[in-house]
Amino acid sequence: VYDCAFDNCELISFLNVPASLHNISLTTLKMLTSLQSIEVSSNNLSLFSIDGVLCNRSTSRIIYYPLKKNDDAYVVPNEIKGICAESFDSNPYLNILTLGSNVNYLESNSVINCTNLTTLNYDSSAVVSSVLKNSGSSLGYSVIFGPNVVYFPDYFLSNDLHLKHISFSSNP
């Protein structure tokens, strides 16, 4: 499904992906401004979904967390190994995002414009350049790093005016 395939389809809240569909552009998904959930046929060889979130089967990465998925908190499932760019874009409900130790690949700007985010729990040794962009509550948010975090690249959380608190957990 190419860019703008569902332009101005503002009432679509549920997307059911058949086994025959192997690619959906991120632009198309972002145009579904009422989307709450994505389900994928279990016979699809390229895509799958977990709890309404679209994922890539071959790389075990989250492709897209629906704009109107109204969970206050989301824990990335253990099956997921990576987060694609702009996977979490402009969701107004998400307050707490937990990325577990199995997440070993994060593209730049994986979390973008999630302005109600108050906590990011991050426990991975993945090397990333910039996870958050224009995200975090304007009242401030916290980042909690787990014991598996071993490296911070240059500018990891630079110029983040909403970052209020950073802590490091030593609990395995």
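Our structure's up above, just so we're on the same page.
Residues numbered from 1 in each chain as written. Predicted model: local features only at pLDDT ≥ 70, side-chain atom pairs only at ≥ 80, totals over all residues. Heavy atoms only, no water.

Some words on the environment of Tyr 65
Stage number 1. Among the secondary structure elements, Tyr 65 is positioned in the loop between strand E5 (61-64) and strand E6 (73-75).
Stage number 2. In the structure, Tyr 65 is positioned 24 residues away from Asp 89 in sequence and 7.6 Å away in space, judged by C-alpha atoms.
Stage number 3. Tyr 65 has contacts with Val 53, Asp 71, Tyr 74, Ser 87, Phe 88, Asn 91 and Leu 94, leaving out every residue within four places of it along the chain. (Helix = DSSP H or I, 4+ residues; strand = E, 2+ residues; numbered from the N terminus. Contact = heavy atoms within 4.5 Å.)

Digging into the environment of Thr 98
Stage number 1. The topology assignment puts Thr 98 in strand E9 (residues 96-99).
Stage number 2. Beyond its immediate sequence surroundings of up to four residues, Thr 98 is in contact with Tyr 74, Val 75, Val 76 and Asn 121.

Points about the pattern of salt bridges
Stage number 1. Across all of its chains, the model carries three salt bridges by this definition.
Stage number 2. In this structure, the salt-bridge partner of Glu 86 is Lys 30, at a minimum N-O distance of 2.3 Å. Taken together, the residues span a long stretch of sequence, with Glu 86 in the loop between strand E7 (82-83) and strand E8 (88-89) and Lys 30 in helix H1 (residues 26-31) at a distance of 56 residues.
Stage number 3. Using a relative accessible area of 25% as the deciding quantity, one classes Glu 86 as partly exposed.
Stage number 4. A residue is classified by how much of its surface remains accessible, and Lys 30, at 25% relative accessible area, is partly exposed.
Stage number 5. Bridged by salt links that share partners, the residues Lys 30, Glu 86 and Asp 89 form one connected network. (Salt bridge = Lys/Arg side-chain N within 4 Å of Asp/Glu carboxyl O. Buried < 20%, exposed > 50% of the residue type's maximum accessible area, 1.4 Å probe, protein only.)

Regarding the state of the cysteines
Stage number 1. For the structure shown, the criterion picks out zero disulfides.
Stage number 2. Free cysteine: Cys 84, not disulfide-bonded; nearest cysteine sulfur from Cys 55 at 9.0 Å.
Stage number 3. Cys 84 gets classed as buried once you look at its relative accessible area, which sits at 16%. (Disulfide = S-S within 2.5 Å.)

Things to note about the sheet that holds strand E10 (residues 105-106)
Stage number 1. The strand order across the open sheet formed by five strands is E3-E4-E5-E7-E10, and the pairing between neighbours is mixed. Edge positions in the sheet fall to strand E3 (47-50) and E10, since each has one partner strand and no second. (Pairing = 2+ DSSP bridges.)

Here we look at the nonpolar core
Stage number 1. Within the largest apolar cluster, 22 residues are counted, with the highest numbers of intra-cluster contacts made by Ile 62, Tyr 74, Val 76, Ile 83, Phe 88 and Leu 97.
Stage number 2. Those elements giving two or more residues to this core turn out to be E3, strand E4 (53-56), E9 and strand E12 (119-122).
Stage number 3. Grouped together as the second largest cluster of nonpolar side chains are 13 residues, Leu 29, Leu 32, Tyr 64 and Leu 67 included. (Core = buried A, V, L, I, M, F, W, Y, C linked by side-chain atoms within 4.5 Å.)

A short note on the side chain of Ser 87
Stage number 1. On the secondary structure map, Ser 87 appears in the loop between E7 and E8.
Stage number 2. Looking at Ser 87, its side chain comes within polar contact range of the main-chain oxygen of Ile 63, at 3.2 Å.
Stage number 3. A polar contact is formed between the side chain of Ser 87 and the backbone oxygen of Cys 84, at a distance of 2.7 Å. (Polar contact = N/O pair within 3.5 Å; in protein donor to acceptor, adjacent residues only side chain to side chain.)

Regarding unusual backbone geometry
Peptide bonds are trans in most cases, and residues, glycine excluded, mostly fall at negative phi.
Stage number 1. Even without glycine at this site, Asp 51 takes up a positive phi of about 50 degrees.
Stage number 2. With respect to the helices and strands, the residue Asp 51 is situated in the loop between E3 and E4.
Stage number 3. Of note, Ser 60 is a non-glycine position whose phi angle comes to about 55 degrees, a positive value.
Stage number 4. Assignment of secondary structure puts Ser 60 in the loop between E4 and E5.

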